[in-house]
Structure formats: structure tokens, C-alpha cells
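Close look at the chain arrangement
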Amino acid sequence: MDPETTLFEQHRSRLFGLAYRMLGTPADAEDVLHDAWLRLHAQDVTTLDDPEAWLVTVTTRLALDRLRRVKAERAHYTGPWLPEPLVPEAEHPDVTLERGESLTLSFLLLLERLSPEERAAFLLREVFDYSHAEAAAILEIAEDACRQRVHRAKLRLREGRPRFNVDQSAQRRMLQRFVAAMAEPSRHRGRAVSAASPDHTGVGGGGARATLRPLHGAERLARLYLQLAHNFHGPGVHYELASLNGAPALFLHAGGTLSAAMWIECDGERITAIHALRHPGKLARLLAVTKPAGSASLH
């Protein structure tokens, strides 16, 4: 490889981690990295005192510009919007990046509460450990302004953060209870799995049937999943416990096709939120993964 590409590959995972958290979809993150790579090739790298800082700055600004555009596009999206999962690690070498809560799909969705400027400042400071002064330089703002953005971001995230911090074993247990309820559907079993006022967000993107807006309340969700249980029933239907973005998830297979990828939030005893991705284009990128790490077929 040429020196510029060698340099870029040394920092690619970190750059991808930043761009993906900024934008919420791997494809958008890859586009940003491609543009950053082109800019690096147009740059005399011998003049760079700190190549990594230069790459992080360019990637952040490109991601920020792109996020402003996609925010406007998502306002015209068919139904709600959910972040797109990364494929499991075995299939995606770029997931050798910082782990933890900041990569989970639920947290990426929570980041949608922030303005693009708040999101960039928060990620640089709180996830990638840049100082306020360093983050301010990357964003070309005053240090005090950077501190204010990070502070506002923390307040917004605290307002939307679930009240319960539940470990992954509890999430897997709740997913298994959910599958059991779907196997023997009844409104009573559905309500027994859900909290008093759970939320449901489904995304079809116009290419699959899904709710056009988030649903709230145990009774409404019980009716919805009772209908889905009847629709997705038979020998060609099975559920698969898997992992997406480092957290438990559930794949619904029907007729040899991946029909949905779901993840939940829970309080340890009841499901408080269900997120269901049914967008055919996004699911197609997961189809190649027949057995994600840690997966198990559930019936």
C-alpha cells in the first residue's frame, strides 16, 4: 500500500467508530471514511505534525456535515427511524473499536435526541476521551462553547435514558420469554411479558409492513404482537437469539428470509421497549450471517 493508505488503515477502526456513532448507519460511516481517505491522498502527509488528530478532525467535520443533511432527510422517512446494526464481528473487521454502552443500538437511538453539534462534542469528549480543548479545536469552536454543548448533551441523554441498567443475561432471558409468548399467543401472555406502559418502534422503510409511528401501552402492544404471532406461525418460522452491536437481539426468520431484527429494553422482569427493524435493505446486509456469534435457535 502507498504511505497514505497505510497511515489511514492504522487509524481506520477508530475513525469508523466515530463516524458510525455520529451517523447511525454503517453505509454512511463508510462514505465519510472514503471522503476522508480521498482528502488524505490530496494532503502532503509530511507536513502533518499529528496525522491521527488530522484524520479525526477531517472525519468529524465530514460526519457532522453529513449528519445535518440526513437529519433533514429523515424528517421525510416513511415511519420512524432506527439505527442500522453492524454485522457481527466475525463478518465486520471494523468492529475492533471501542466497546461498551456507546455502541449499542439503544444508545445510538438515544443520541438522536441531540443536535448534530451536541452529538459531535459529546462523542469526542465522553466516548473518545478528547479533552474539551481538543474537542473544541476539532469542531472549531471556543472551549467554553464545547463545554456547554457537552453539558446540554448529558442533560438530554439523562432525560431519555432508561431508569434501569440491566445486564445482558436479563435481556436474553426476557427475549426467551418473549419467544415463548409468541409461540403460544394470547393477550394475557403478551401483557405478562410487558411492563405497564411499554413502547414499540417498528421500521419498514416503505418496503415492509410496520407501524407508521411508535406505539405506547401494554394493551396496544399485546394486540399488535398477538396479531403478529398469528401471522408468523408455522414450520417455516423460527426465532434466533443473536447479538447486535454487542447486545442481545432476536432474529425472526420466516420462509427462509430474515423478516425482522429486534432488540429490547427491560427492567429485569418486564420488557419496557421493543425495537423492530423490518427494512428489507437493512436486513439484507444481515442475511449473510446465518449463525452470528452466540446465536441460538429458539422455537
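Just so it is clear, the structure is predicted and the values come from calculations on it, not from any experiment.

Rules behind the numbers
- Residues numbered from 1 in each chain as written.
- Predicted model: local features only at pLDDT ≥ 70, side-chain atom pairs only at ≥ 80, totals over all residues.
- Heavy atoms only, no water.
- Helix = DSSP H or I, 4+ residues; strand = E, 2+ residues; numbered from the N terminus.
- Buried < 20%, exposed > 50% of the residue type's maximum accessible area, 1.4 Å probe, protein only.
- Areas by Shrake-Rupley, 256 points an atom, 1.4 Å probe, with all protein chains shown as cover.
- Pairing = 2+ DSSP bridges.
- Core = buried A, V, L, I, M, F, W, Y, C linked by side-chain atoms within 4.5 Å.
- Contact = heavy atoms within 4.5 Å.
- Salt bridge = Lys/Arg side-chain N within 4 Å of Asp/Glu carboxyl O.
- Axes fitted to C-alpha atoms, helices over the stretch in contact; angles between N-to-C directions.
- Left-handed = near helix turned anticlockwise from the far one by under 90°.
- Nonpolar A, V, L, I, M, F, W, Y, C, P; charged D, E, K, R; others polar.
- pLDDT = per-residue confidence, 0-100.
- Phe/Tyr/Trp six-rings, centres within 6.5 Å; stacked < 30°, edge-to-face > 60°.

**Considering the overall build of the protein**
When helices and strands are tallied, the protein shows 11 helices and 7 strands. Burial analysis of the protein (299 residues in total) assigns 51% to the buried set. When the accessible surface of the protein is totalled, it reaches about 14,100 Å², and 50% of it is carbon and sulfur.

**Focus on the pairing of strand β5 (residues 257-266)**
Burial analysis of β5 places 9 of its 10 residues in the buried class, the great majority of the element. Taken together, the 5 bridges between strand β4 (residues 247-254) and β5 define a ladder with antiparallel strand orientation. Residue pairing for β5: F251 is matched across the bridge by A261. With antiparallel pairing between neighbouring strands as the criterion, β4 and β5 make up a hairpin whose turn holds 2 residues, including G255 at a positive phi of roughly 60°. Counting the residues in the hairpin turn of β5 and strand β6 (residues 271-277) gives 4 residues, including G268, whose phi is positive at 100°.

**Details of the nonpolar core**
Within the largest apolar cluster, 62 residues are counted, with the highest numbers of intra-cluster contacts made by Y20, M22, L111, F122 and L124. Apart from residues no more than four positions distant in its own chain, L111 is found in contact with R21, R119, F122, L123 and L157. Within the second largest apolar cluster, 26 residues are counted, among which are L175, L224, C266 and I274.

**As for the pattern of salt bridges**
Where charged atoms from two side chains of opposite charge come close, those side chains can pair. Going through the model one piece at a time under the given rule, you end up with 15 salt bridges. Between R66 and D31 there is a salt bridge, and its shortest N-O distance comes to 2.9 Å. One end of the pair, R66, is in helix α3 (residues 51-74); the other, D31, is in helix α2 (residues 26-41), with 35 residues separating them in the sequence. D31 sits in the partly exposed class, given a relative accessible area of 35%. Here E112 makes a salt bridge to K71, at a shortest N to O gap of 3.7 Å. With E112 in the loop between α4 (105-110) and α5 (116-127) and K71 in helix α3, this pair connects stretches of sequence that are 41 residues apart. What makes K71 partly exposed here is its relative accessible area of 24%. The structure contains a network of salt bridges with shared partners spanning E9, R12 and E30.

**Some details on the environment of P85**
By secondary structure assignment, the location of P85 is in the loop between α3 and α4. A sequence separation of 61 residues divides P85 from G24, and the C-alpha atoms of the two residues are 8.2 Å apart. Among all residues touching P85, those that are not within four sequence positions of it are Y20, P26, L105, L244, N245, L277 and L286.

**Some details on the packing of helix α1 (residues 3-23) against α2**
Orientation of α1 relative to α2, taken along the N-to-C sense of each, is 145°, at an axis distance of 9 Å. Crossing geometry of α1 relative to α2 is assigned as right-handed. Listed contacts from α2 to E4, T5, L7, F8, R12, L15, F16, A19, Y20 and L23 of α1 are P26, D28, A29, E30, V32, L33, A36, W37, L40 and H41. For the contact of α1 with α2, a count of residues per class yields 14 nonpolar, 2 polar and 4 charged.

**A closer look at the confidence of the model for the protein**
Overall, the predicted model of the protein reaches an average pLDDT of 83, with 83% of residues at or above 70. Ranking the helices and strands of the protein by mean pLDDT puts helix α6 (residues 132-139) first, with 97, and strand β7 (residues 296-298) last, with 55. Scored below 50 in pLDDT, residues 90-97 shows 18 contacts in the model against residues more than four places distant or in partner chains. With pLDDT under 50 throughout, residues 290-295 is counted as low confidence; its partners more than four residues away or in other chains account for 12 contacts.

**Side note on the environment of A273**
Among the secondary structure elements, A273 is positioned in strand β6. For the pair formed by A273 and L221, sequence separation is 52 residues and the distance between their alpha carbons is 10.0 Å. Setting aside its immediate chain neighbours within four residues, A273 contacts D199, W263, I264 and E265.

**Topic: the packing of aromatic side chains**
Between two aromatic rings, the relevant description is the distance of the centres plus the angle of the planes. The final tally for this structure, using the stated rule, is 2 aromatic pairs. Both rings, one in F16 and one in Y20, keep their centres 6.0 Å apart while their planes meet at 5°; by these two values the pair is stacked. Of this pair, F16 and Y20 are both found in helix α1, 4 residues apart, which corresponds to roughly one turn of the helix. Plain terms: the ring middles of F107 and F122 are 6.4 Å apart, the flat faces sit at 35° to each other, and that makes the pair tilted. You can see F107 sitting in helix α4 and its partner F122 sitting in helix α5, a full 15 residues away along the chain. Here F107 and F122 have matching classes, each one buried.

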